[in-house]
Amino acid sequence: MHTYSNGEAIYTKVNSLTSIETELPFSYYSLPYCKPLRGVKKSAENLGELLMGDQIDNSPYRFRINKNETLFLCITTPLSENEVKLLKQRTRDLYQVNMILDNLPVMRYAKQNGVSIQWTGFPVGYTPGNSNDDYIINHLKFTVLVHEYKGSGVEIIGTGEEGMGVISEADDKKASGYEIVGFEVVPCSVKYDPEVMTKLHMYDNITSVKCPSELDKSQIIRERERISFTYEVEFVKSNIRWPSRWDAYLKMEGARVHWFSILNSLMVIFFLAGIVFVIFLRTVRRDLTRYEELDKEAQAQMNEELSGWKLVVGDVFREPDHPKLLCVMVGDGVQITGMAIVTIIFAALGFMSPASRGMLLTGMIFLFLFLGIAAGYVAVRMWRTIKGTSEGWRSVAWSAACFFPGIVFVILTVLNFVLWGSKSTGALPISLYFVLLSLWFCISVPLTLLGGFFGTRAEEITYPVRTNQIPREIPARKYPSWLLVLGAGTLPFGTLFIELFFILSSIWLGRFYYVFGFLLIVLLLLVVVCAEVSVVLTYMHLCVEDWRWWWKAFFASGSVALYVFLYSINYLVFDLQSLSGPVSALLYLGYSLIMAVAIMLATGTIGFLTSFYFVHYLFSSVKID
């Protein structure tokens, strides 16, 4: 928390120009805007901000606390053909200027169909409906909300999800002053006389300006025009306190929709739980009880007349196809699931404040790196279980360390070349590439290998039944079993898709997503649905004497990723209609593909491990020699 005294100077900062039309961020100073007297200086950025394409620079906009004033900034040189072309293009693509004051993004209110809508940022310019000309926003009317603070010996050290302050004792000498609790803007386009404006210097006072409604009094974008930039600031005292200053940005709309999503998921869970309950209590228990009550001769006779899952007792733990790939995918799935759960729990508890830009992404990356130890452990332990030996564990651990990060790295590299070609600030600088590579190979890989080593030392999982030397023939089926596996993914998707809409809107439409409490509930429900779906499908396959359950158990819940990717395409076509150009579509699909692969590995792992435990439990109850 920062308190300011009367008349103290404070400067705004500017972030990258962004657009929901193109999703390509560009530097603020790529357009002919006024630069600070002492030159442009970049603010220190964390890993998450760099990856999100944020580029925060200083700006010449200076405010003095509680001093209302109207000031001149600068006048440009006559616009060149290239500058006009760029300004027109950024205006037509609906680019927004993102300003920050005391870590608060600037907000503006607009009327649309009689409803007041709030936006962060303001447009570069506008194109009136009845004109082919473009007009630049060159006069800004700022309103800064301040709260008078009287030193009371407490210090706010963070804000929770509901904007509640986390308060700690501070020393009693903390000075009184003013806190900035709101930052609003009304953008205008005003035509000035260049002859008058060239005589002025930066921060000279000028008379207050009204936003003109007539186009001939607005500043047109055309060659040889000289654009004057001005601004005015008004300070308004407010009762909003420091811990609540983000509430205006995080207004949660559609709480009913979130609750509907959760109730919908609970119905699916109870339906599936009923099926699992029936399987365990009626079928399995009844069969086992009947079987154990018979004498040895009758058991031998019954063995010949067995049907269903008991027939595959000699094949159920037979090595699956591509065992190494399965172990690697399960290991990476554990890593991704752990990262998602821990991140969302921390965010739901209020540790990931929106004021800490990029912290969510930075936290996720470091969690993923350190959870490499879990990926190596699970992958190698699974490998030992399937193969019965630790031989080749290093190869499995290396593959687990490189499988998912390798996929992400390839996709990001392709997208980065596209961004470099577009000169966007979203492109990762070469230095950041080396940072990410060194984090991967200096933290993630060694930890995954260490986890693999622990996996070789862990207690061995022994199968409860012996595997026959000759594989049993699987009876022919009327329809392929993969159809059932693909269909099963619709149930976890039903749990996820409403929350997915809000998440996609926050990523692609620049909205704040801060309902992590709901997201945590949905995530836990998703884990339960994935486990139940996989167990039911595995049991159905075993009942029709299909002992190749390993991959089917993985994809029964993992197939939800296919529906997530298809939904992302649907969202692109119907909800992001404004998204223009092949570059933007390629970016969107690339990031959606990374998300789908991560979801497949996480949900598939949950389903597979639950099914493995279920099959192990089921056959450890059977006493067949």
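Bear in mind that the values here come from a model prediction, so they are computed numbers and not experimental data. (Residues numbered from 1 in each chain as written. Predicted model: local features only at pLDDT ≥ 70, side-chain atom pairs only at ≥ 80, totals over all residues. Heavy atoms only, no water.)

Scanning the chain from terminus to terminus reveals 16 helices and 16 strands. Counting the 625 residues in the chain, one finds 51% classified as buried. Here the analysis covers contacts within the chain between residues at least 6 apart in sequence; of these, 84% occur between residues at least 24 apart. Counting every atom, the chain has about 29900 Å² of accessible surface; 61% of that belongs to carbon and sulfur. (Helix = DSSP H or I, 4+ residues; strand = E, 2+ residues; numbered from the N terminus. Buried < 20%, exposed > 50% of the residue type's maximum accessible area, 1.4 Å probe, protein only. Contact = heavy atoms within 4.5 Å. Areas by Shrake-Rupley, 256 points an atom, 1.4 Å probe, with all protein chains shown as cover.)

Glancing now at a nonpolar patch on the surface. Residues L486, L562, L566, I569, V573, F574 and L589 make up a contiguous nonpolar surface patch of roughly 580 Å² in combined accessible area. Its location among the elements puts L589 in helix 16 (residues 582-620). Here L589 falls in the partly exposed class, since its relative accessible area comes to 31%. (Patch = residues over 30% accessible without salt bridge, like charges linked within 9 Å, V, L, I, M, F, W, Y side chains within 5 Å. Salt bridge = Lys/Arg side-chain N within 4 Å of Asp/Glu carboxyl O.)

To continue, consider unusual backbone geometry. In the Ramachandran plot, D102 falls in the positive-phi region, its phi being about 50° despite a non-glycine side chain. Topologically, D102 is positioned in the loop between strand 5 (99-101) and strand 6 (104-105). Look at N103: it is not a glycine, yet its phi comes out positive at around 75°. Within the secondary structure, N103 sits in the loop between strand 5 and strand 6.

Counting 123 residues, the largest nonpolar core has F63, M99, F142 and F619 as the members making the most contacts within it. Ranked by the residues each element gives to this core, the list is headed by helix 16, at 16 residues. Ignoring anything within four residues of it in the chain, the contact list for F142 reads Y61, F63, M99, V106, F183, E184, V185, Y231, E232, V233 and E234. Of all hydrophobic cores here, the second largest spans 25 residues; its members include V268, A347, I498 and L520. (Core = buried A, V, L, I, M, F, W, Y, C linked by side-chain atoms within 4.5 Å.)

Further remarks concern the packing of aromatic side chains. Counted under the stated rule, the structure contains 38 aromatic pairs. Between F493 and Y563, the ring centres sit 6.2 Å apart and the planes meet at 35°, which makes this aromatic pair tilted. On the criterion of sequence distance, the pair formed by F493 in helix 12 (residues 490-508) and Y563 in helix 15 (residues 560-574) is long-range, its members being 70 residues apart. A relative accessible area of 16% means that F493 is categorised as buried. Here the aromatic cluster, defined as three or more aromatic residues joined through ring pairs, consists of F409, F417, W420, Y433, W440 and F441. Residue placement shows R62 over the ring face of Y203; its charged tip is 4.2 Å from the ring centre. Above the face of the Y95 ring, R90 is positioned so that its terminal group lies 5.4 Å from the ring centre. (Phe/Tyr/Trp six-rings, centres within 6.5 Å; stacked < 30°, edge-to-face > 60°. Lys NZ or Arg CZ within 6 Å of the ring centre and 35° of its normal.)

Another aspect to go through is the pairing of strand 3 (residues 69-75). Two faces, one strand: in a regular strand the side chains alternate between the faces of the sheet. Burial runs high along strand 3: seven of the seven residues are buried. Sheet topology places strand 3 next to strand 16 (residues 228-237); six bridges connect them, and they run antiparallel. When the sheet's bridge partners are listed, L71 is paired in strand 16 with Y231. (Pairing = 2+ DSSP bridges.)

Now for helix 8 (residues 372-387). Think of an α-helix as 3.6 residues a turn; residues three or four steps apart then line up on the same face. Helix length check: helix 8 (16 residues) gives 22 Å between terminal C-alpha atoms against 22 Å at 1.5 Å per residue, within 8%. Among the residues of helix 8, G372, A375, G376, V378, A379, V380, M382, W383, R384, T385 and I386 are the ones counted as buried. Those residues of helix 8 that are buried lie in contact with helix 6 (323-348), helix 7 (359-370), helix 9 (393-421), helix 10 (430-457), helix 14 (550-558) and helix 16. G388 sits one or two residues past helix 8 and shows a positive phi near 80°. (Expected span 1.5 Å × (residues − 1).)

On to the state of the cysteines, then. Taken as a whole and judged by the stated rule, the model has two disulfides. Between C34 and C74 runs a disulfide, and the two sulfur atoms are separated by 1.9 Å. Between C34 and C74, the S-S torsion sits near -85°, and that sign places the bridge as left-handed. Residue C34 is found in the loop between strand 1 (9-14) and helix 1 (47-51), and its partner C74 is found in strand 3; the two are separated by 40 residues along the sequence. Taking the relative accessible area as the measure of exposure, C74 reaches 16% and is therefore buried. Of note for the chain: the bonded cysteines, numbered N- to C-terminal, pair according to 1-2, 3-4. (Disulfide = S-S within 2.5 Å.)

Moving on, we get to the sheet that holds strand 2 (residues 57-64). Ordered in space as 2-1-5-6, the four strands form an open sheet in which the pairing is antiparallel. Each edge of the open sheet is held by one strand with a lone partner, namely strand 2 and strand 6. By the bridge criterion, two bridges tie strand 1 to strand 5 in an arrangement that is antiparallel. Note that in strand 5 the partner of K13 across the bridge is I100.

Moving on to the environment of L618. In this fold, L618 is placed in helix 16. Each C-alpha atom of the pair L618 and P464 lies 9.3 Å from the other, and the pair is 154 residues apart in sequence.

A few words now on the packing of helix 8 against helix 10. Interhelical geometry of helix 8 versus helix 10 gives an angle of 40° and a closest axis separation of 6 Å. Where helix 8 crosses over helix 10, the two elements pack in a sense that is right-handed. In contact with G372, I373, G376, Y377, V380, R381 and R384 of helix 8, helix 10 contributes L447, T448, L450, G451, G452, F454, G455, T456 and R457. In terms of residue class, the contact of helix 8 with helix 10 is made up of six nonpolar, seven polar and three charged. (Axes fitted to C-alpha atoms, helices over the stretch in contact; angles between N-to-C directions. Left-handed = near helix turned anticlockwise from the far one by under 90°. Nonpolar A, V, L, I, M, F, W, Y, C, P; charged D, E, K, R; others polar.)

Next up on the list: helix 14. Helix 14 sits mainly inside the fold: eight of its nine residues count as buried. For helix 14, every residue scored as buried is listed here: W550, W551, K552, A553, F554, A556, S557 and G558.

Let's shift gears to the packing of helix 6 against helix 9. Viewed as axis vectors pointing N to C, helix 6 and helix 9 meet at an angle of 55°, and their least axial separation amounts to 9 Å. Of the possible angle classes, the one that applies to helix 6 and helix 9 is oblique. The way helix 6 lies across helix 9 gives a crossing that is right-handed. Between helix 6 and helix 9, the residues in contact are K324, L325, C327, V328, M329, D332 and I336 and S395, V396, S399, A400, F403, F404 and P405, respectively. (Parallel < 35°, antiparallel > 145°, perpendicular 65-115°, else oblique.)

Counting through the fold element by element, F72 comes out in strand 3. Each C-alpha atom, one on F72 and one on S228, is 7.9 Å from the other, the two residues being 156 residues apart in sequence. In this structure, F72 is in contact with M197, L200, H201, M202, Y203, D204, I206, S228, F229 and T230, ignoring residues within four places of it in sequence.

This part covers the side chain of T605. Within the secondary structure layout, T605 lies in helix 16. On the accessibility criterion, T605 (2% relative accessible area) is buried. The residues touching T605, leaving out its near neighbours within four places in the chain, are M329, V330, G333, V334 and F554.

Scored by pLDDT, the chain comes out at a mean of 83, with 88% of its residues at no less than 70. Across the chain, the element-wise mean pLDDT spans from 42 in strand 14 (residues 165-169) up to 94 in strand 16. Low pLDDT (under 50) marks residues 153-174, which in the prediction has 46 contacts with non-local residues, meaning those over four places away or in another chain. (pLDDT = per-residue confidence, 0-100.)

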